[in-house]
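# Descriptive structure summary
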Amino acid sequence: MKKAFIIIFLIFFSLKNLQAQKRDIVQYRQNWDKQQVFWGYFLGVNKKDYKISYKTDGAFIVSTPSLGFEVGLIGDFRLHKNISLRLEPGLSSNSKELAFTHIEGENDSIREVNSTYFRVPLLLKFNTDRLNNMRPYVIGGVSYDYNFSSNQDNPDDNKQGEFRTKKNNFSYELGIGVDLYLPYFIFSPSIRGVFAINDELVRDDDLNSPWTGSVDYFGTRGVFIKFAFH
């Protein structure tokens, strides 16, 4: 009986202490949630690769991506206390090495693909209610991606060593993140998955090209880690 009383007393004391701690928490940036429009910027890194499917057997392309960077601006329009419409224009850059395992000779079997995209994602952000100084969210939408590094208009193709990709592309992205309310700003880290909608490959003039003839679909996919500041 005495042990049970001690246990009940300890539980009661712990609950009271927890309530007192909650009362002592300072909630930063309380007026920020009342703004209908706000701005920010982001920095980040990416690991973008290609999803490749084939028309025939016997051809295989190995893609080795490098770590890339992200930088851009954020415009957010609050539709509801838990829903926002967001525009995140920015630059996204990285490079990939493509190895055509069915082609002999290093000059012909290896292609370097450097890509710098101007991305304009239009996203919906769904927030939970605020939990003290944090607010988790999920985000998703579509993006127009202009490839500055595209050589789509180059008349040369893989016979002359030119691996060509399209200028105008579309993708969708999904992600999760959290808004962290700090004394002077909002810090918002997130992780996103990005997936191309259209085929980005420009085929060689020769329909039976060993580089592009057997490729059915060639599109970007990748993971972004973004650090936003508001």
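Heads up: the structure comes first, above all this text.
A brief structural summary. These figures come from a predicted structure and were not determined experimentally. Throughout this document, residue positions are counted from 1 along each chain, in the order its sequence is written. Only residues with pLDDT of 70 or above have their local features reported here, since the model is predicted, and side-chain atom pairs are shown and tallied only from 80 upward, although totals for entire chains, interfaces and linings are computed over all residues. Based on all heavy atoms of the structure, the side-chain values leave hydrogens and waters out of the count.

## A word on the overall build of the protein chain
The line we're drawing: Each helix is a run of DSSP H or I of at least 4 residues and each strand a run of E of at least 2, with the numbering of both proceeding from the N terminus. Residues are treated as being in contact if the distance between any of their heavy atoms lies within 4.5 Å.
Assigned secondary structure in the protein chain consists of two helices and 10 strands. Here the contacts in the protein chain between residues at least 6 apart in sequence split such that 69% fall between residues at least 24 apart.

## Some words on the nonpolar core
Note the threshold: By nonpolar core we mean a set of buried residues, namely Ala, Val, Leu, Ile, Met, Phe, Trp, Tyr and Cys, connected to one another through side-chain atoms within 4.5 Å. To sort residues, take the accessible area from a 1.4 Å probe on protein chains only and compare it with the maximum for the residue type: under 20% means buried, over 50% means exposed, and anything in between is partly exposed.
In terms of nonpolar packing, the biggest core is built from 12 residues, these being Tyr50, Ile52, Ile61, Leu98, Phe100, Ile103, Val113, Phe163, Leu201, Trp211, Val215 and Phe218. Within the residue set of this core, elements represented by two or more residues are strand S1 (37-54), strand S5 (90-100) and strand S10 (215-229). The residues contacting isoleucine 103, other than those within four sequence positions of it, are Asp108, Ser109, Pro210 and Trp211.

## Overview of the side chain of lysine 125
Assignment of secondary structure puts lysine 125 in strand S6 (residues 110-127). With a relative accessible area of 2%, lysine 125 lands in the buried category. Look past the residues within four positions of lysine 125 in its chain and what remains in contact with it is Asp76, Asn82, Ile83, Ser84, Arg86, Tyr137, Val138, Ile139 and Asp179.

## Description of the pattern of salt bridges
Going by this rule: Salt bridge, as used here: a side-chain nitrogen of Lys or Arg that lies within 4 Å of a carboxyl oxygen of Asp or Glu.
Evaluation of the coordinates by the stated rule reveals 11 salt bridges. Measuring nitrogen to oxygen at the nearest pair gives 3.4 Å for the salt bridge that ties arginine 86 to glutamate 88. Here arginine 86 and glutamate 88 have matching classes, each one buried. Put simply, aspartate 179 and lysine 125 hold a salt bridge, and the shortest N to O gap is 2.8 Å. Taken together, the positions of aspartate 179 in strand S8 (residues 168-181) and lysine 125 in strand S6 put the pair 54 residues apart, joining distant regions of the chain.

## A few points about the pairing of S1
Our working definition: Whether two strands pair depends on DSSP finding at least two bridges between them.
As defined by bridge partners, S1 adjoins strand S3 (residues 67-80) across 11 bridges and the pair is classed as antiparallel. Within S3, the residue paired with tryptophan 39 across the bridge is glycine 75.

## As for the side chain of glutamate 70
Heads up, the rule is: The sign given to each residue is positive for Lys and Arg and negative for Asp and Glu; His and the chain ends receive no count. Pairs of N or O atoms within 3.5 Å make up the polar contacts considered here, provided that, within protein, one atom can donate a hydrogen while the other can accept it, and that residues adjacent in sequence are counted only when both atoms are side-chain atoms.
Following the sequence through the fold, glutamate 70 ends up in strand S3. Although glutamate 70 is buried, it makes no salt bridge; lysine 226 carries the closest opposite charge, 4.8 Å away. In this structure the side chain of glutamate 70 is engaged in a polar contact, spanning 2.6 Å, whose partner is the side chain of serine 92.

## As for empty space enclosed by the protein
Counted only if it meets this: With a 1 Å grid laid over protein atoms only, a set of points is called a cavity when a 1.4 Å probe fits there but cannot get out and a pocket when it is open yet has protein on both sides within 12 Å along at least five of seven lines; lining residues have an atom within 4 Å of a point. Grid points are joined across faces, edges and corners, and a volume is the space filled by probe spheres set on the points. Classes in brief: Ala, Val, Leu, Ile, Met, Phe, Trp, Tyr, Cys and Pro nonpolar; Asp, Glu, Lys and Arg charged; the others, Gly included, polar.
In this structure the tally under the stated criterion is two cavities of 30 Å³ or more. Space inside the largest cavity adds up to approximately 80 Å³. Of all the secondary-structure elements, those providing two or more residues to the lining of the largest cavity are S6, S8, strand S9 (186-196) and S10. Grouping the constituent residues of the lining of the largest cavity by class yields six nonpolar, three polar and four charged. What the second largest cavity holds in volume is close to 50 Å³.

## Some points on the packing of aromatic side chains
The cut-off we apply is this: Any two rings among Phe, Tyr and Trp, with Trp reduced to its six-membered ring, count as a pair given centres within 6.5 Å; such a pair is stacked if its planes are under 30 degrees apart, edge-to-face if over 60, and tilted if neither. A positively charged side chain is recorded as over a ring if its NZ (Lys) or CZ (Arg) lies within 6 Å of the ring centre. The angle to the ring normal must also be within 35 degrees.
For the structure shown, the criterion picks out 11 aromatic pairs. Between tyrosine 54 and phenylalanine 60, the aromatic rings sit 6.2 Å apart at their centres with planes inclined by 35°, giving tilted as the arrangement. You can call tyrosine 54 partly exposed: its relative accessible area is 24%. Here a set of aromatic residues connected by ring pairs shows up, and it is made of Tyr41, Phe185, Phe187, Phe227 and Phe229. The ring centre of tyrosine 181 lies 3.6 Å from the NZ or CZ of arginine 130, which sits over that ring.

## Digging into unusual backbone geometry
Of note, asparagine 132 is a non-glycine position whose phi angle comes to about 55°, a positive value. Topologically, asparagine 132 is positioned in the loop between S6 and strand S7 (134-147).

## A few points about the environment of glutamine 30
As for its position among the elements, glutamine 30 is in the loop between helix H1 (2-24) and S1. Glutamine 30 sits in the partly exposed class, given a relative accessible area of 48%. With 151 residues separating them in the primary sequence, glutamine 30 and tyrosine 181 have C-alpha atoms 8.7 Å apart.

## Comments concerning the environment of glycine 58
Along the chain, glycine 58 turns up in the loop between S1 and strand S2 (61-65). For glycine 58, a relative accessible area of 71% gives the class exposed. Separated by 43 residues in the primary sequence, glycine 58 and threonine 101 have C-alpha atoms spaced 9.4 Å apart.

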